[in-house]
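# Structural description and commentary
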Amino acid sequence: MAKIVGAFCMPHDPYITAAPPNTNQEQLGNVRAAFARVADRIAELKTTTVITIGSDHYCMFGPQLIPAYAIGIGDITGPMEPWMGVKEQVVNDNREMAQHILQYGAAHGFDWAASKTMCLDHGTILPIELAVTPAGKQIKNIPVYISSTLEPFISMKRSHELGKCIGDAVRAWPQDERVVILGTGGISHWVGTREMGKVNPEFDYQILDLTEKGDLQALMALEDSYILEHGGNGALEIKNWVCAMSALPGFTGKTYCYEPMPELITGLGIAELIV
Amino acid sequence: MSTFMLEKALWDLGDDPHKIAAFNTDPDAYLDNYILTERERKQVVNLDVDEMADDGVSTLLTLMVWIMIRGTESFPDYLRKMGQEVPA
């Protein structure tokens, strides 16, 4: 039987791999070291498949169609952004298990949008590049997109329900599979707005504190308006974290690092979710 | 129309490098493919990202298109255009 053996929350800031010249190298080194620590844990957990929950930034989807949530069930490539310093690649997929998650969802009230040829933007490929591939090239990937950054936004409640469904689907998969789930994005950042470059450590520590306590209810109670005011439009990506957390009930968190980096336009937090 | 069509014009630029070339060659001809108001056409031609943001256009798109057209090194200029004081 498949089981979830671990989960992590982490940023997917493309400037981690495309850092501008004025970047604080000590802070960046701490972030890269935390990603390496996640990779080590993924290897240590003998992970065979990673489900990465990410956002789109108007690269994968356009105004003509914005799905609430989608799953990659076939070929996976990326990144879409040639400037982010990550080599264009074919990502090792687990299409059989992805199909199972899709079908399990369909049977339980979740009509997934499906991509047979999913090209990932930084919201999913960056965590794969920094945390999954270094853990072992044999590890398979299932990319999941939720509409946490593009309007209409998915609700916190639906993110939670979807994450719970993903967890149930994994546990219902009859094959032996050791699964890790990544919730990616955040924490505070203002993308493209007049406040871009602002970071709010107070908000970020609030999120990390709730993560460490495993207080999913308090995270879910955060209104979009509150998140937008205190964490910016990019902080809505904590819905990706909530989705990941909801797949493994009863977790607590362990923060690996937090670095507020205005030059990378983001408060960067990385945590392990421990069951 | 609405800002949605303006978002489509921007998104297409980000999606297809050939369209960037077409836009750079003849912005008006490129924008003839979209139903836009004169104000919206002017905003795209001049990359008035601040005005577009104020009108409700996604800032993910305004940032993406700015970088696609002017390059990643122009990021400080984007911030200046958005009203921030950025040292030269």
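These notes cover the structure that comes with them. (Residues numbered from 1 in each chain as written. Chains lettered and ligands numbered in written order. Predicted model: local features only at pLDDT ≥ 70, side-chain atom pairs only at ≥ 80, totals over all residues. Heavy atoms only, no water.)

## Re helix H8 (residues 238-246) of chain A
Among the nine residues of H8(A), nine are classified as buried, and the element is accordingly described as predominantly covered. Within H8(A), burial applies to A:Ile238, A:Lys239, A:Asn240, A:Trp241, A:Val242, A:Cys243, A:Ala244, A:Met245 and A:Ser246. (Buried < 20%, exposed > 50% of the residue type's maximum accessible area, 1.4 Å probe, protein only. Helix = DSSP H or I, 4+ residues; strand = E, 2+ residues; numbered from the N terminus.)

## Some words on the interface of chain A and chain B
Listed as interface residues are 20 residues of chain A and, on the opposing side, 21 residues of chain B. Where chain A abuts chain B, roughly 1,600 Å² becomes buried across the two surfaces, and 62% of that area is made up of carbon and sulfur atoms. Among the residues chain A hides against chain B, the three largest losses belong to A:Tyr58, A:Arg194 and A:Met196. Together they make up 40% of the total. Where chain A meets chain B, there are one salt bridge. Measuring nitrogen to oxygen at the nearest pair gives 2.8 Å for the salt bridge that ties A:Arg194 to B:Asp54. Its residues placed into classes, the side of chain A that touches chain B shows ten nonpolar, seven polar and three charged. (Contact = heavy atoms within 4.5 Å. Buried area = accessible area lost by both parts, 1.4 Å probe. Salt bridge = Lys/Arg side-chain N within 4 Å of Asp/Glu carboxyl O. Nonpolar A, V, L, I, M, F, W, Y, C, P; charged D, E, K, R; others polar.)

## Description of the packing of aromatic side chains
Each aromatic ring pair is characterised by the separation of its centres together with the angle its planes make. Taken as a whole, this structure holds eleven aromatic pairs over all chains when the rule is applied. A ring pair is formed by A:Tyr15 and B:Phe75, whose centres lie 6.1 Å apart and whose planes are at 40°; its orientation type is tilted. A residue pair is termed interchain when its members come from two chains, as with A:Tyr15 in the loop between strand S1 (2-10) and helix H1 (25-44) and B:Phe75 in helix H7 (residues 75-81). Across this residue pair, the class does not change: A:Tyr15 and B:Phe75 are buried. Relative to A:Tyr145, the ring of A:Phe61 lies with its centre 4.7 Å away and its plane at 50°, an arrangement referred to as tilted. With A:Phe61 in the loop between strand S2 (49-54) and strand S3 (69-78) and A:Tyr145 in strand S6 (residues 140-146), the pair connects residues that are 84 residues apart, well separated along the chain. Here A:Phe61 falls in the buried class, since its relative accessible area comes to 16%. (Phe/Tyr/Trp six-rings, centres within 6.5 Å; stacked < 30°, edge-to-face > 60°.)

## Section: the pattern of salt bridges
Residues and elements named next belong to chain A. A complete count under the given rule lists 20 salt bridges over all chains for this structure. Its salt-bridge partner being Glu177, residue Lys140 comes within 3.2 Å of it at the nearest N-O pair. Of this pair, Lys140 sits in strand S6 while Glu177 is found in strand S7 (residues 177-184), placing the two residues 37 residues apart along the sequence. Across the pair Lys239 and Asp224 runs a salt bridge whose closest N-O atoms are separated by 2.9 Å. Taken together, the residues Lys239 in helix H8 and Asp224 in helix H7 (residues 224-231) connect sequence positions 15 residues apart. Asp224 sits in the partly exposed class, given a relative accessible area of 25%.

## Concerning the nonpolar core
Residues and elements named next belong to chain A. Core analysis: the largest hydrophobic core is formed by 75 residues, its most contacted members being Phe8, Ile16, Phe35, Ile42 and Ile270. Those residues in contact with Ile270 that lie beyond four places of it in its chain are Cys9, Met10, Pro11, Val31, Ala34, Phe35, Val38, Lys254, Thr255, Tyr256 and Cys257. Ranked by size, the runner-up nonpolar core spans 53 residues in total, among them Cys9, Ile51, Cys165 and Leu210. (Core = buried A, V, L, I, M, F, W, Y, C linked by side-chain atoms within 4.5 Å.)

## Section: the packing of helix H1 (residues 3-15) of chain B against helix H2 (residues 17-25) of chain B
Residue and element names in this part refer to chain B. Orientation of H1 relative to H2, taken along the N-to-C sense of each, is 115°, at an axis distance of 5 Å. Contacts from Asp12, Leu13 and Asp15 of H1 reach H2 at Pro17, Lys19, Ile20 and Phe23. Class assignment for the residues of the contact of H1 with H2 results in four nonpolar, no polar and three charged. (Axes fitted to C-alpha atoms, helices over the stretch in contact; angles between N-to-C directions.)

## A few points about the pairing of S3(A)
Residue and element names in this part refer to chain A. The element S3 is largely enclosed, with a buried count of eight among its ten residues. The pairing of S3 with S6 spans three bridges and is antiparallel. Bridge pairing links Ile71 to Val144 in S6. Across six bridges, the pairing between S3 and strand S5 (residues 113-119) is parallel. The residue of S5 that forms the bridge with Ile71 is Ala114. In this sheet, strand S4 (residues 89-91) lies alongside S3 in antiparallel orientation, the contact comprising three bridges. Across the sheet, Thr77 pairs through a bridge with Val90, a residue of S4. (Pairing = 2+ DSSP bridges.)

## Digging into the side chain of B:Asp12
All names here are of chain B. Residue placement: Asp12 occurs in helix H1. Note on Asp12: relative accessible area 6%, which makes it buried. Only 2.5 Å separates the side chain of Asp12 from the side chain of Tyr34, close enough to count as a polar contact. Discounting residues that sit within four places of it in the chain, Asp12 has contacts with Lys19, Tyr30 and Tyr34. (Polar contact = N/O pair within 3.5 Å; in protein donor to acceptor, adjacent residues only side chain to side chain.)

In short, the description is geometric, and any link to function would need to be established separately.
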